[in-house]
Structures are given as C-alpha cells and as structure tokens.
Amino acid sequence: MSQRPDLDQLSADQLRALVTDLFDRVENKDRALVHRDAVIEKLTHEVAILKRHKFARRSEQLDAVQGRLLDELIDSDIAAIEAELAQLTPTETLAKPKAQPKRASLPPELPRTLIHHEPENTQCRCGCQLKRIGEDVSEKLDYVPGEFTVERHIRGKWACAQCETLTQAPVPPQVINKGIPTAGLLAQVLVAKYADHLPLYRQERIFGRAGLAIPRSTLAEWVGACGVQLQPLVDALRNALLEHTVLHADETPVSMLAPGKKKTHRAYVWAYCTTPFSDLKAVVYDFAPTRAGEHARTFLGDWQGKLVCDDYSGYKAGFGNGITEIGCLAHARRKFYDLHQANQSQIAAQALEYIGQLYQIERETKDLPPDQRQRIRDEKARPIADALHQWMLAHRQKVPDGSGTARAMDYSLKRWVALTRYLDDGAVPIDNNWVENQIRPWALGRSNWLFAGSLRSGQRAAAVMTLIQSAKLNGHDPYAYLKDVLTRLPTQKNNAIGELLPHNWTPAIVSKV
C-alpha cells in the first residue's frame, strides 16, 4: 500500500494532479462496476428465460427423446450461467447462506478409499505439541468405467492443550466446490458425452446399472460448471494456434434449437487446426449461429499467414489482408472423381491420373523436413502440375459449356493459383483433408444428440471437444487427460495455464494415503 501524501506539503499543481488522478480512478472503477452489473443483469435474465422454458408446457412437436435432450441442455446452460454469476458477484453477496437441498448419503455398499489430510506441522506456535482431537469427514463419488467407488476424505483436527489453538488441513479445492463428484467422475461424464456422444439420459441409465442412478439434471449441472472452468484452456489453446503461420479451416452444419422455438435452424461449427507438418498438434472448434464469414474473421482476428480452406466465400474477405489462400486439391480431384463414377469419362480418368501422381509425391515426402519436401516438389511435382494445367486448358476448348466435364475443369482452372501455392512452401499441405478429419466427430455426434439446445450449449460442446480432440492428436487418453486437468485446475496459477494444454501436458502423480 502506498503511503498517504502530506497534503500540507503539496503545491497547488501537485494537489490538482492528485485530485485529477483520484477522479480518474473513481471513474474507471465506476465503469468497471457498471460493466459488471450489466453482465450480471444479462446473465440473470438469461437464467430466468431458460427456467421459464424448462418448466413451460412442452411443445407437441418435440418427441420424448428430444424433450430429454433439451432438458439436459437447459440444465447445463443454467449451471454454466450460475457459475459465471458466482465469479462476478461480490464476496459479501456470496457470503449469504443459500438454501441447499439435503443430499442423500452415498450407498454404504460402495467401496471406500480413505484419503487422510493432516497438517504439515503439528507443533503449536506456543511450542507445545498438538494433539489430535477429532476429524471432519466428507465423501466424493468416483467412477472408473463400470464401477463406482467413494473417496472418503478425513481431515484430522489437532488442538493445543496449552493455548487451545486448533489446526486442520484445508479442504482440497475442487472444480465443483461442495459437490460429490471427483475429477474422475466429471471426466467420465464429459468424455462419454462429447467423445462417445452419449446423451446424459443414456448415461443416467448406464450409471444406474453400475449401482447408483444419478439424475440427468445433476449430470447436466456438472457439465455446465465444467464448461465454464475449462474455457480458459480453450482460449489459451486458440492463442497458441494463432502463433502458427499455416492453418487449416473448415465448417460443418449443426442443428440448433433455441428455447421456446418449435423448429431447429442451421448453425455451424468452424474448425481451425495446425497442419500435419506442424510441431503443434491442435484443433480449436468455434460454434457460431450462422455460416457468415464474420465468424471466421472474428476468430482469426489480426492473424496473418497461409489458410488452407475450401472455396467458400466466407473466407474471401481475409484474403489480401495478410491472409494467403491455399486451395484444396482434394476438392478439385473430387469433381473429376464424381464425373468418372457417373459416366466413366476418359477425360476425368486422365485428370485423376495426373492428380494421383501429385499425391504419390506427397506420400513419399510426408516425413521429410519442409526444405527437403520443397526441393522434391520443385523437381518432381511442379512439372506434373504444369503439364496438368496445359492439358486442362487444351481440353477445355473441346468440351461444351455447362457440361459436367466443363464444370470440373472450370473449378480447377479458376482456382489454379491457389491450388498450386503448396508447391512454393514445403510447410504447406496439398489439401484440406486434415481438418476434415478433425471435424468428423461432429458428424458422428449429430446422429446421437440430434441438435444443440442453444448457442451457449453449442459453444460449450465446442470447448470440451476442442480439448478432447487435441488430446487425441497428442496421443493422450481423453479420460486420463481431463481427469488430471480437472484435478489440477482449481490450484493452477493463471500464468501457468499453458502447462495443462494437451501439447504440453504431462500427468501429475497424485498419492492417496
């Protein structure tokens, strides 16, 4: 704390400067408070709307399965918003007692693991030896696939007979304070929902068969709270991704149901990832309500580099503003492949032969460093690409406009510069197939969870799936990764959050006494 100035010793100019500084501080604090109150009001209003839709009469256009899915999504959204409100609400407000439903004891037949927490030092400050006078016991529900267990946390109470000082080990911090789930159980729920695509109502049944039915509303609350806690990791991963100068981008539609509406509309998840040649193995998903190009521009920000993408116009605005378009040769090949499958076109077969030779060179050089790959591309691939270009120009004049052959050729000829830019840089891939593989989990998930219940639930799915898929890319088991991250996250310093990112993560060894 700075020392209070002696006003009697200050000159008129110094007093004016001091008053100006105080006014600025008060004004800045007022602005921060106004912003915080506005966010609180917005989130409180959002919770009220969600609760109204949750308890309102169910739309007749939703069947039983869709109704269960919507319920669990709304519950997750409410839990996430309440977690955000808890971070914004002043401490004195949080101190007010909140009525909590009485929690039933965990079944006594479940196996128990005893975990003792004792003070590091049992010597009192007065010099006397502390004596153990009791203990506090809390239980948390853990889960390994197929079996529930209970962690019994025992915190011994130590007191000094001389000065009556009481010492006790602190409560271990948790992702969900005062909740029963361990990090292992939370990781299981998240992986089952977002990696194995099991909706919560199905997990409720699976847990019931394992010995303890957990209401899906409770599971939904856990998912919402975890989404809020994991978001800083996703933000940090996005920043790490944007440090690289060659990226892939793609997007895929996802149905989204806004609460209160009777129909779904088409939202989109955008995927951005590093190339197979990059030392960073990462993918970041961004859920957006539309396919508008502004979402790509918002995600990329002021990033500059080479973007491998399809010919969708949404990316075009960034080209020329420091972003270089890299075309996808797989899309060009697909046009000729479809043509050949349809009518056994000889022209399409010849084009496929040329393109096949280019891909063969890529297979031969995929494990080489960029400079060597570049050299081989110059020696072998560039002559083939030039020959293909000349061949297409010659044959294009012989086919009628509007025919399937003309459309296939026009697709490549109009984009030829972008399609062949990979030849100029050994760090650039030949196509966009890598990111299409990373976006595949969303296609698998659509058939199970049918729709995103809201923009917030879609964004939460994008965040958790970002961490799960990036963990897979780095060779990690998603369950082991999330369990360890959720264990360490409550005590992880903000400036060390990067240690928990999938490409930096090493599991911590936790001992149980």
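Keep in mind the model is a prediction, meaning the values are calculated, not measured. (Residues numbered from 1 in each chain as written. Predicted model: local features only at pLDDT ≥ 70, side-chain atom pairs only at ≥ 80, totals over all residues. Heavy atoms only, no water.)

A. Representation of the overall build of the protein within the structure. Tallying secondary structure elements over the protein gives 16 helices and 9 strands in all. Looking at the protein as a whole, 45% of its 513 residues qualify as buried. Pairs at least 24 apart in sequence give 66% of the contacts found in the protein among residues at least 6 apart. (Helix = DSSP H or I, 4+ residues; strand = E, 2+ residues; numbered from the N terminus. Buried < 20%, exposed > 50% of the residue type's maximum accessible area, 1.4 Å probe, protein only. Contact = heavy atoms within 4.5 Å.)

B. The packing of aromatic side chains, seen in detail. One pass over the full model with this rule turns up 8 aromatic pairs. With 4.0 Å between their ring centres and 5° between their planes, Tyr272 and Phe299 make a pair best called stacked. A residue pair is termed long-range when its members are at least 10 positions apart, and Tyr272 in strand E6 (residues 265-274) and Phe299 in helix H7 (residues 293-300) qualify at 27 residues. Tyr272 sits in the buried class, given a relative accessible area of 0%. A network of ring pairs unites the aromatic residues Trp270, Tyr312 and Tyr315 as a single cluster. Its end group placed over the ring of Tyr411, Arg415 keeps NZ or CZ at 4.0 Å from the ring centre. (Phe/Tyr/Trp six-rings, centres within 6.5 Å; stacked < 30°, edge-to-face > 60°. Lys NZ or Arg CZ within 6 Å of the ring centre and 35° of its normal.)

C. Geometry of the pattern of salt bridges. Within this structure, the stated rule accounts for 21 salt bridges. Across the salt bridge formed by Glu118 and Arg132, the nearest N and O atoms sit 2.9 Å from each other. With a gap of 14 residues between them, Glu118 in the loop between strand E1 (112-117) and strand E2 (131-144) and Arg132 in strand E2 connect regions that are remote in the sequence. For the salt bridge of Glu325 with Lys316, the shortest nitrogen-to-oxygen distance reads 3.3 Å. One continuous salt-bridge network, built from bridges that share partners, spans Asp311, Lys316, Glu325 and Arg415. (Salt bridge = Lys/Arg side-chain N within 4 Å of Asp/Glu carboxyl O.)

D. Looking closely at helix H15 (residues 455-473). With 19 residues, H15 should cover 27 Å at 1.5 Å per step; its first-to-last C-alpha distance of 26 Å lies within 8% of that length. Among the 19 residues of H15, 15 are classified as buried, and the element is accordingly described as predominantly covered. (Expected span 1.5 Å × (residues − 1).)

E. Spatial organisation of the pairing of E2. Bridge count for E2 against strand E3 (residues 147-159) is 13 bridges, and the pairing is antiparallel. Counterpart to Gly134 in the pairing with E3 is Lys157. Between E2 and E3, which pair antiparallel and follow one another directly, the connecting turn spans 2 residues, one of which, Gly146, has a positive phi of 95°. (Pairing = 2+ DSSP bridges.)

Any link to function would need more than the numbers given here.
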